[in-house]
Amino acid sequence: MAELRAGLAPSDRAFLERARVLARHGWGQVHPNPLVGCVIEKDGAVVGEGFHARFGGPHAEILALEEALHRANGATAFVSLEPCDHHGKTPPCTEALLKAGVARVVFGASDPGAESGGGAERLRREGIEVVGPVWGEGEAVAENPAFHHTARASRPFVALKLALSLDGRIAAARGERSRVTGGEAEKEVHRLRSGFDAIMIGAATARVDDPQLTVRLAPEGRAAPRRLLLDPRATLPSDAALLRDAERSPVHVFTRLDAPEVDMERLEGAGAHVHPVPAAAEGLVLDAVLDVCWELGLRAILCEGGSRLATSLLREDLVQRLYLFLAPQAFGPSGVPAFGPGIAGAPWGAFAPAFPPELFGRDALLVFDRRTGA
Ligand code: AOF
Ligand code: ZN
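Reading the values: the criteria
Residues numbered from 1 in each chain as written. Chains lettered and ligands numbered in written order. Predicted model: local features only at pLDDT ≥ 70, side-chain atom pairs only at ≥ 80, totals over all residues. Heavy atoms only, no water. Domains from an automatic or database assignment. Contact = heavy atoms within 4.5 Å. Buried area = accessible area lost by both parts, 1.4 Å probe. Polar contact = N/O pair within 3.5 Å; in protein donor to acceptor, adjacent residues only side chain to side chain. Helix = DSSP H or I, 4+ residues; strand = E, 2+ residues; numbered from the N terminus. Buried < 20%, exposed > 50% of the residue type's maximum accessible area, 1.4 Å probe, protein only. Near = heavy atom within 4 Å. Areas by Shrake-Rupley, 256 points an atom, 1.4 Å probe, with all protein chains shown as cover. Nonpolar A, V, L, I, M, F, W, Y, C, P; charged D, E, K, R; others polar. Pairing = 2+ DSSP bridges. Axes fitted to C-alpha atoms, helices over the stretch in contact; angles between N-to-C directions. Donors = N, O, S within 2.8 Å, 3.2 Å for Na, K, Ca; no water. Tetrahedral: all angles 85-135°; square planar, octahedral: opposite > 155°, others 65-115°.

Peer 1: I'm lost on the domain arrangement of the protein chain in this one. Help?
Peer 2: Many structure descriptions define interface size as the accessible area lost when the parts assemble. Split into domains, the protein chain comes out as domain 1 (2–139) and domain 2 (153–370). The C-alpha-based centres of domain 1 and domain 2 are spaced at 35 Å. In this complex, domain 1 contributes 8 residues to the contact, which on the side of domain 2 involves 13 residues. Summed over both sides, the interface between domain 1 and domain 2 buries roughly 840 Å², with carbon and sulfur atoms accounting for 50% of that surface. Contact with domain 2 buries area across many residues of domain 1, yet Trp-27, Gly-28 and His-31 alone supply 67% of it, more than any other trio. Across the domain 1-domain 2 interface, the total number found is 5 residue pairs in polar contact (both at pLDDT 80 or more).

Right, here's the structure in full:
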């Protein structure tokens, strides 16, 4: 794959990069579809651009072709994802590219979809010059991790977000609500939430932080993420912030099978959906929780702590992506460590950086993806 990339002219690489940047504009609006961007280039100039902007809406190629009109004839299309070759909610992009007379297609990632895939082969058969996949697997997955994971595994994609002090703590003291990162990072978290089907936390975080877990500081996504709470003993107070607005953004509480019935009923009465699942030595059987999530149609879940949930998810190798916000402060020995005992057994070596670090005010965001086969 590195050779393929090396063989691309610098201008080709720049156009494909532009397609990647365009694709990212669809965040929060297209899920569970992938982010896709497209640039059409003729004689060195961009004659059309587009990105998949809305679930069920036109694909990136179609919008770029609409802008390019007749100039697409003999042009090169740069697409971040292999053009689809199926009738989904929209007709195949392969046919649109052929009809427009595009001469060459350069794409970043293969489409893993059993039905939508195969576009590159189809275009080659029709005599078009096709270059791709240009990106290696890690780079392809980084742009659309949930899309690739669910195509492969039929399991929810799980991302874990943690805000850490530089001495690896998530709070100043146990039972104390603490500010770790600043306002810019907080905005980014709200933006990230809009691209997930659900946000999950554990009971201790719900008790201490009393969060609402809604998207407030960012443009709303196409659907409000559901709120998921792991609360083995059904202890969430009925007046918790999480239970507000349950009609617009449903709340699901996972409990042990033997949680007090009176509390399960109380939570149902407060608007939550209660799901009893088997108990594990510590908390709940997370695999069983994820099974229920999959059945509920939840494809991408963002877990926001705390330490017990983070530790269990990592130890059980259920995390595909880590969002680590690092804040330049220290909480010292009385602070709550991000991870509990047992974390050493997690597959740390399988994680690799997905993107270069990004800065949000004084905080840094590091994103790591779990590599398959690692
Ligand atoms: C592309 N370009 O911009 C996107 C693609 O139901 P549909 O018609 O929207 O198709 C969704 C599938 O098409 C999706 O699962 C993925 O395989 C592909 N997405 N393909 O050529 C695009 N969004
Ligand atoms: Zn398409």
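Peer 1: How should I be thinking about the side chain of Arg-370 in this particular structure?
Peer 2: With respect to the helices and strands, the residue Arg-370 is situated in strand β17 (residues 363–370). Owing to a relative accessible area of 19%, Arg-370 belongs among the buried residues under this scheme. At 2.7 Å, the side chain of Arg-370 and the side chain of Asp-317 are in polar contact. Once you skip the residues sitting within four places of it in the chain, Arg-370 turns out to touch Asp-317, Val-319, Gln-320, Pro-347, Ala-350 and Phe-351.

Peer 1: Looking at this model, I keep getting lost on the site of ligand 1. Mind explaining?
Peer 2: Close to ligand 1 lie 18 residues; Ala-60, Glu-61, Lys-89, Asp-111 and Ser-116 are nearest. The side chain of Glu-61 places a nitrogen or oxygen atom 2.7 Å from an oxygen atom of ligand 1. When ligand 1 sits alone it has 510 Å² of accessible area, and the protein chains cover 94% of it. Partitioned by chemical class, the residues of the shell around ligand 1 number 7 nonpolar, 7 polar and 4 charged.

Peer 1: Just to check I follow, could you spell out the sheet that holds strand β2 (residues 45–51) for this structure?
Peer 2: Each strand in a sheet pairs with another by means of backbone hydrogen bonds, the pair being arranged parallel or else antiparallel. Ordered in space as β2-β1-β3-β4-β5, the 5 strands form an open sheet in which the pairing is mixed. Edge strands, defined here as strands with exactly one partner in the open sheet, are β2 and β5 (129–131). In this sheet, neighbouring strand axes are inclined to one another by 15 degrees on average, regardless of whether the strands run parallel or antiparallel. Note that strand β1 (residues 37–42) and β2 share 6 bridges and pair antiparallel. Counterpart to Cys-38 in the pairing with β2 is Gly-50.

Peer 1: Would you take a moment to explain the coordination of the zinc ion (ligand 2) for this structure?
Peer 2: Octahedral six-donor coordination of a metal ideally yields angles of 90 or 180 degrees, compared with 109.5 degrees for tetrahedral four-donor coordination. Protein coordination at the zinc ion (ligand 2): the donors are His-59 (ND1), Cys-84 (SG) and Cys-93 (SG), at 2.0 to 2.2 Å from the metal. Taken together, the 4 donor atoms coordinating the zinc ion (ligand 2) span angles of 97 to 120 degrees at the metal, a pattern that classifies the geometry as tetrahedral. Mapped onto the sequence, the residues coordinating the zinc ion (ligand 2) show the spacing H-x24-C-x8-C. Separated by 25 residues along the polypeptide, His-59 in the loop between β2 and α3 (60–68) and Cys-84 in the loop between β3 (76–81) and α4 (93–100) bring together distant segments of the chain. Across the pair, exposure class does not vary: His-59 and Cys-84 are buried alike.

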